[in-house]
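# Descriptive analysis of the structure
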Amino acid sequence: MIAFALSRFNLRFIVIGDNVDEIRDQDCGITGWGLSLTDLTSMMARFAVFTSTNLSHSLCLEETITRLRSGTTSCTDVSLLFLDTLIYIRTVQFHHEYPWIVSSSDDQTIRIWNWQSRTCISVLTGHNHYVMCASFHPKEDLVVSASLDQTVRVWDIGALRKKTVSPADDILRLSQMNTDLFGGVDAVVKYVLEGHDRGVNWAAFHPTLPLIVSGADDRQVKLWRMNDTKAWEVDTLRGHMNNVSCVMFHAKQDIIVSNSEDKSIRVWDATKRTGIQTFRREHDRFWILASHPEVNLLAAGHDSGMIVFKLERERPAFSVSGDSMFYAKDRFLRFYEFSSQKDTQVIPIRRPGSASLNQGPRTLSYSPTENAVLICSDVDGGSYELYVVPKDSLARGDTVQEAKRGMGGSAIFVARNRFAVLDKSSNQVLVKNLKNEIVKKGSLPIAADAIFYAGTGNLLCRAEDRVAIFDLQQRIVLGDLQTPFVKYIVWSNDMESVALLSKHAIVIASKKLVHQCTLHETIRVKSGAWDDNGVFIYTTLNHIKYCLPNGDGGIIRTLDVPIYITKVLGNKIFCLDREGKNRIIVIDATEYIFKLSLVRKRYDHVMSMIRNSQLCGQAMIAYLQQKGFPEVALHFVKDERTRFNLALESGNIQIAVASAKEIDEKDHWYRLGVEALRQGNAGIVEYAYQKTKNFERLSFLYLITGNMEKLSKMLKIAEVKNDVMGQFHNALYLGDVRERVKILESSGHLPLAYITASVHGLHDVVERLGAELGDNVPTLPEGKVPSLLMPPAPVLCGGDWPLLRVMRGIFEGGLDNIGRGAPEEDDEAADADWGEELDMVDADGLQNGDIEAVLEDGEVPEENEGDGGWDLEDLELPPEADTPKASVNSRSSVFVVPTPGMPVSQIWTQRSSLAAEHAAAGNFDTAMRLLSRQLGIKNFAPLKPLFLDLHTGSHTYLRAFSSASVLSLAIERGWSESASPNVRGPPALVFNFSQLEEKLKAAYKATTTGKFTEALRLFLSIMHTIPLIVVESRREVDEVKELVIIVKEYVLGLQMELKRKEMKDNPIRQQELAAYFTHCNLQMPHLRLALQNAMTVYYKAKNLNTAANFARRLLETNPTNENQAKMARQVLQAAERNMKDVSQLNYDFRNPFVVCGATYVPIYRGQKDVSCPYCSSRFVPSQEGQLCTVCDLAVVGADSSGLLCSPSQIR
C-alpha cells in the first residue's frame, strides 16, 4: 500500500507491507528523506502523517517526483523548485486508470496533473476557502472535494477523457496559461453539498454505491446519496467530541471509519448509522486514515506517528474430523470433503443483527457421532452456540434451526454427547449434554483462560505461561508444561503428539505434555497440521515450514498471502485463506522425508531417495555433516574441496587421497597426513609427507615405525641436499655415532666431534681429532658418567595399525555407484600392502620422484667418487611413486575405522544445567556462565581451586603400557555393577552437603571460642563451596538455601567484629559496630555473647540507655550462664538511675534495620537498598555494580535466576 505524506518542502511516500508489523518509509530516491515514525512528531503540521505544507501548487508535482527518482535533482534543487509559491497542499491522489494526480490546496483550487506529460491539465475553481481534500471516484469520472467554506463539491471530469490528442507545444502553453488564470472548462461542478455548520475536512466516495461521506469541524460525520441529477443528505453520525479529521468507507464491509482530534477512531455501521466500536489514544490526536487496496488493513496517522491495524480477525473457525471439515464462512456453516473436494453450505449460524466487530465465530468443535457443532464467539463477552446438524441438511443447506446458546469463554466436545464449557469467573468447567443441561461441575487445577480438546474425557487447560492436561473423570492432572502463551493446539492423527502454537514459537510435546522440542520463529506463526509421517507442517505469515520430531526445521515454500492449514495428505496441503476459500497447495516433501528417514534410521528409505531424488544444496550437505552422516553427504557433491573435507570427516581415506591429488595443494596434503596418522595408515602418511617434501616429518615417521632402511636412505637424501641439520637428525635417529662425528667434523665443530667420539669409545677418531685440536682439546667433567644418545627400540615395526573388522554399513558399497567414483586404478591393487608400494629408495638407487627435483640442478660432490660412494652419477630416477591404495574388500566384511563415541564429559555437560557437573566434566567456561547467570557471580578466583578439585575428583587415570598415553576414566555418581553400560550417570563430586555441615560445626566452635579469623575463613569456605554442591531432593535444596542465609549472617557479623577490633582510635565507630553485630541472625549462644560484648562496650562508654537495651535483650534470651544473667541485671540496675547516652551514635534500636555489607551502616525500613543475588546481603544503592564484600563472588544488584543445586529443580 502506497500513501503520500507531504511535509514541509518535500513529497514523501509511506509503503505499508502486507504484514502489519512491516512499516517502511520510501522516499523519492534521496537518502535521508524517508519518513520514520519518530520523525512524525508534533512539529509536523495539521495532517501529521498524510499532510502537506509549503509546496508550490502551480508546479507539476510529478516532474519533481520524477527528477527526485532519477537523481537529477538534489535536495538543494528541491528547495528552489518548491519555492514558486508558498501555498499549502493538503492532499494528493493518483487516478486508478489514467496518468493523473489530483491535488487540493490552500489556494482554493483543485488541480489535476498529467504525470506523463508533466503538465497541469485542469484547474477546478469554485471553493472560496482552503480546499482540505480532493479525490477521484474509484470507477466514474468524478472528483469529490471538501473545503473550509463548509461545502462538499462533486465535479464531473468526463470532458478530460475526450482530450486524447495532445496539442502542439505553443497551443499547450497558451491553454495552460488560460487554465491557470480563468480555470478549465473540462471539469464542472455537478453537486454542491451543504449541511455542515463548520469547515469540512474530508469527503470520500463509496467504492461501489452512489454514496459520499464527509467529516467536518462541527464534529459530525454526514452521509450523502447522489443520482444522475441531484445529491442529498441521508443521515448524520454524531459522537466525536472534537473536529473530525478524516472519514472513509471500508472497502469490503458496510462500515464507515472516522478519526478526530478527540484522540479517537470510531467505526460506524453504514446501514444502521450507529456506532459500533471506538479506539482511543491517550495523548495523540488523529489526523488521517488510509486503507490497503487488497488486504484488510487500515492506517491512521496521529501526532506521534502512525498505527496500522485491522478491524476483525481473519482466521476462519474450522474443525477437521477424518476426511471432512466443518468451517464458518459468511454467516453460514459449511462442510468440505477432502477426498472429493466437495464444498457444501449446511446451515446459517449467525444471529440476525449481530453486526458488531469481532463477533464472528472464533473456535469450532465437532462431534462426528452426534453430528453436532459447537461455535464459540466473543458475543456478550464470550458465548457459544450448539447446533445439531440433520444428515439431510448436508445436501440442501437450507435448514434453519434455533441454536442452543450459553455463556462461556471456551466450549469443546469432550465425549460423544458431552461438551465442556469454561466459566472464567469461578475457574470451573461445566460439563453439559446436548440439551444444554449441566451434568457435572469441577474446578480446574490452574487459572485457565481457555480449554482445548485433549482426548476423550480430557481437557487441555491454558494459562498465561503454562498448559496442563486435566482428566475430568478422575479430576487429576495428567501432565503440565511451561510454555509461552499458547494460541492454538494441534493434535497428531494418533493423538500421541501435540503442537502448541504461540505467537512466535512452536512447542512439540507428547500426549502427557512431556517436552520434545521447541522451534522459535521471528514472524508470527499462523497455523499447522501433522502429516502422516509425524512431521508437523506449519505456516507463518509468508512461509510453509516443517518441524521434525527432533526439533529440526526448514522451509518448504514461500506464500503470497497467509493461509491456514486444515489437513496434510501426502504432498498436498489443504488450507483456508483469509476469505474462507478452500485451497490446495502441492508441495515437495522430499527434503523433510529424507531428514526424517535419517532421524529414524530408516536407511533403506535414505538409499532409495538418494538414488531416485535430486537432493542437493549446501544446506543439505551441512545438515548431513551436523547429524553425523558425512559419508552420505559425500555422494551429493562433486566439488573436490568439499569432497575432501567430507571424506576426512567420514574417515574415507580412499576418496580423500583422490581429491587431494586433484587439488594438489600443500595444506590438503598436510591434513590428509594428519588424518591418516590418526588412523594408523603409515603408507598414506608417508605419501602425504612425500608430496609436501616434508623430510623432517618423514624421518620421524620412519623412526617411530622402526623402518631403519628408509631412515638410512633419508640420511643420504639430506646429504645430497647438503642439509647439515637433516643429516645430524637422521644420524641421531639411526644411532650411527660415526656418522654424527663425521657430520660435526665436516661442519667445523671439532670439540663436539671429539667429545662425541670420546664418550662413545671411538678411540681412533679421538686420537686423530686430538692431534688436530692440539692444546684446544676439551676436558670432560670428572666424576660423571656420560649417557649415550641412542634411539629407543620401536615397540611396533613396519605396517599399518590393525583395523577393527566390522560388517559393511548401510551406506558402504550401496552408494558406490552414486556420484563421483574412485579412480579406476584403485581396483587393480585392492589387496596391496601400502607400505610395500611406497618405497622411496631401493638398494640400488633413489627411487623417489620427489628427490628428482632436488638433484636436477646440483652436482654430486667429487669426494664421493673416490670412496666408491653411491654412484650417483649413474642414477636413473624413476617416475614419482604411485599413490598408495587404501585396503578395500568387495566382500560384505571389511576393515572400517570405528566411529569414536561421545566423551563422557560431553554427555555430562549436555544433560546437566548444574555448574558443579560442568566443572567436574572440565568444561569450566560453561560452569562459569551458569554461575554468572544463576547467581550473578563474576569473581571466580576463589572458585578456581574448587573447580580443579571437582574435575580431578571425578576422574581416575590408568597407565596401559610405556608407549601409550595415560587413560582417563570418568567416575560416575551412584554407579553399580547392575547399571547399564550404555547409560551414563552424573559425575561423582568431591563436595557434598554433609561435608558442609561438618565444616559449619567447626565454624560454630571457632566462633564460640573467639577465634574469629579462623571462623570467618571456615564460613567463607562454606559460602564458596555451596554453588558447587549437588543435592537430590527438594527438602535438601531448601536446606542449602537456608545454609546460605546462616553463613551470610555470620560472615557479615564476624567481618564487623574484626573491623571493630582494628579501630581502636575511634570509640564511636567501635560502639556502632558492636551494636550492629547483635542484629545479625546468630545462633542463641553466639547472640548472647554478642549482646554481652555490646553491653560491656556501651556501659564502659557511659551510654547507659543503650547498654540497658542490650541487657534487656540478653535477659530475654534466658541465658543458661548465670554470670551473663547476673551481669545483665547489674547493668540494668545501674542504668535505671541515669537513662542517658553520652555519645550520639548512628544506631536506633527502636527502628528495624539491616546492615550494609560494605559500609556497615544501618539501612532502616523504607530506605532504598540493593542486594547480592547470591548471598542476599543488603547494600546501600551506591554499591550497585560492585563486588559483594560478604560472599566475595557476586556483583551487587546483578540479575540472576537463582541457585540451582539439584536435578529435582530442573524436573
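Note that the structure is a prediction, hence the values are computed from the model and not measured. (Residues numbered from 1 in each chain as written. Predicted model: local features only at pLDDT ≥ 70, side-chain atom pairs only at ≥ 80, totals over all residues. Heavy atoms only, no water.)

## Digging into the overall build of the chain
Selection rule: Helix and strand definitions follow DSSP, with helices as H or I runs of at least four residues and strands as E runs of at least two, each counted in order from the N terminus. Burial classes follow relative accessibility: with a 1.4 Å probe on protein chains only, a residue under 20% of its type's maximum area counts as buried, one over 50% as exposed, and anything between as partly exposed. Calculation of accessible area relied on Shrake-Rupley with a 1.4 Å probe; when residues are assessed, cover is drawn exclusively from the protein chains displayed.
Looking only at helices and strands, one finds 34 helices and 57 strands in the chain. Put simply, the chain has 1211 residues, and 49% of those count as buried. Total accessible area on the chain stands at roughly 59,300 Å², and carbon and sulfur atoms take up 49% of it.

## Remarks on the side chain of His-1024
Rules: Contacts were defined at the residue level, with two residues in contact if any of their heavy atoms lie within 4.5 Å.
Relative to the assigned elements, His-1024 resides in helix 28 (residues 1012-1025). Not counting residues up to four positions away in its chain, the partners in contact with His-1024 are Pro-942, Leu-943, Leu-946, Cys-1191, Asp-1192 and Leu-1193.

## Focus on a nonpolar patch on the surface
Stated formally: Like charges within 9 Å and nonpolar side chains (Val, Leu, Ile, Met, Phe, Trp, Tyr) within 5 Å are joined into patches, using only residues over 30% in relative accessible area that form no salt bridge. The working definition used for a salt bridge is a side-chain nitrogen of Lys or Arg within 4 Å of a carboxyl oxygen of Asp or Glu.
On the surface, Leu-958, Leu-967 and Leu-969 cluster together into a nonpolar patch covering about 250 Å² of accessible area. With respect to the helices and strands, the residue Leu-969 is situated in strand 53 (residues 967-970).

## Structural notes on the pattern of salt bridges
Where side chains of opposite charge bring their charged atoms close, a pairing between them can arise. Summed over the entire model, instances satisfying the criterion amount to 34 salt bridges. Across the salt bridge formed by Lys-710 and Glu-686, the nearest N and O atoms sit 3.0 Å from each other. Of the two residues, Lys-710 sits in helix 15 (residues 708-720) while Glu-686 sits in helix 13 (residues 682-691), which places them 24 residues apart along the sequence. Of the two residues examined, Lys-710 and Glu-686, each falls in the buried class. Residue Arg-738 is joined to Asp-764 by a salt bridge in which the shortest nitrogen-to-oxygen separation is 3.8 Å. In this pair, Arg-738 is assigned in helix 17 (residues 737-746) and Asp-764 in helix 19 (residues 763-773), connecting sequence segments 26 residues apart. Shared partners join several salt bridges into a network, and the residues in it are Lys-310, Glu-314 and Arg-578.

## As for the sheet that holds strand 46 (residues 553-558)
Defined as follows: Here, strands pair whenever DSSP counts at least two bridges between them. Angles shown run from 0 to 180 degrees and are taken between the N-to-C directions of axes, each axis being a line fitted to C-alpha atoms and, for helices, limited to the stretch in contact.
One open sheet accounts for four strands, arranged 43-44-45-46; its pairing is antiparallel. Edge positions in the open sheet fall to strand 43 (525-530) and strand 46, since each of these has one partner strand only. Averaged over all adjacent pairs, the angle separating strand axes in this sheet is 25°, with direction ignored. Sheet topology places strand 43 next to strand 44 (residues 536-540); five bridges connect them, and they run antiparallel. Bridge pairing links Val-525 to Thr-540 in strand 44.

## Topic: the packing of aromatic side chains
In plain terms, the rule: Pairing of aromatic rings covers Phe, Tyr and Trp, the last counted by its six-membered ring, and requires centre-to-centre distances within 6.5 Å; plane angles under 30 degrees mean stacked, over 60 mean edge-to-face, and any other angle means tilted. Whether a charge sits over a ring comes down to the Lys NZ or Arg CZ being within 6 Å of the ring centre and within 35 degrees of the ring normal.
Counted under the stated rule, the structure contains 25 aromatic pairs. Between Phe-326 and Tyr-366, the aromatic rings sit 4.5 Å apart at their centres with planes inclined by 40°, giving tilted as the arrangement. Placement of the pair is Phe-326 in strand 24 (residues 324-329) and Tyr-366 in strand 27 (residues 361-367), with a sequence separation of 40 residues. With a relative accessible area of 1%, Phe-326 lands in the buried category. Consider the rings of Tyr-336 and Phe-338, whose centres lie 5.5 Å apart with planes at 80°: the pair is edge-to-face. The two residues Tyr-336 and Phe-338 agree in class, both being buried. Ring-pair connections join several aromatic residues into one group, and the members of that group are Tyr-1076, Tyr-1098, Phe-1110, Tyr-1147, Phe-1149, Phe-1153 and Tyr-1164. Across from the ring centre of Tyr-488, 3.7 Å away, lies the NZ or CZ of Arg-315, which sits over that ring.

## Here we look at the confidence of the model for the chain
Definition in use: On a range of 0 to 100, pLDDT expresses the predictor's confidence in each residue.
Per-residue pLDDT for the chain has a mean of 79; in total, 79% of the residues score no lower than 70. Mean pLDDT values for the elements of the chain range from 33 in helix 2 (residues 75-81) up to 96 in strand 12 (residues 200-205). Note on residues 1-56: pLDDT under 50 across the span, and 166 contacts to partners over four residues away in sequence or across chains. The low-confidence segment residues 58-85 (pLDDT under 50) makes 57 contacts with residues lying over four places distant or belonging to another chain.

## Topic: the packing of helix 15 against helix 16 (residues 724-734)
Let me state the cut-off plainly: Comment on the angle field: the value is read as roughly parallel under 35 degrees, roughly antiparallel over 145, roughly perpendicular from 65 to 115, and oblique elsewhere. A clockwise turn of the near helix away from the far one marks a right-handed crossing, whereas an anticlockwise turn of less than a right angle marks a left-handed crossing. Ten residue types, Ala, Val, Leu, Ile, Met, Phe, Trp, Tyr, Cys and Pro, are classed as nonpolar, four, Asp, Glu, Lys and Arg, as charged, and the remainder, Gly among them, as polar.
Orientation of helix 15 relative to helix 16, taken along the N-to-C sense of each, is 160°, at an axis distance of 8 Å. In terms of their interaxial angle, helix 15 and helix 16 are classed as roughly antiparallel. The two elements helix 15 and helix 16 meet at a crossing, and its hand is left-handed. Facing helix 15, whose interface residues are Met-708, Leu-711, Ser-712, Met-714, Leu-715, Ala-718 and Glu-719, helix 16 presents Gly-726, Gln-727, Asn-730, Ala-731, Tyr-733 and Leu-734. A per-class count over the contact of helix 15 with helix 16 returns eight nonpolar, four polar and one charged.

## Comments concerning helix 11 (residues 653-663)
Counting buried residues in helix 11 gives nine out of eleven residues, a clear majority hidden from the surface. Of the positions making up helix 11, those classed as buried are Ile-653, Gln-654, Ile-655, Ala-656, Val-657, Ala-658, Ser-659, Ala-660 and Ile-663. Next to the buried residues of helix 11 lie helix 10 (640-650), helix 12 (666-679) and helix 13. Downstream of helix 11 by a residue or two, Asp-664 has a phi angle that is positive, lying close to 55°.

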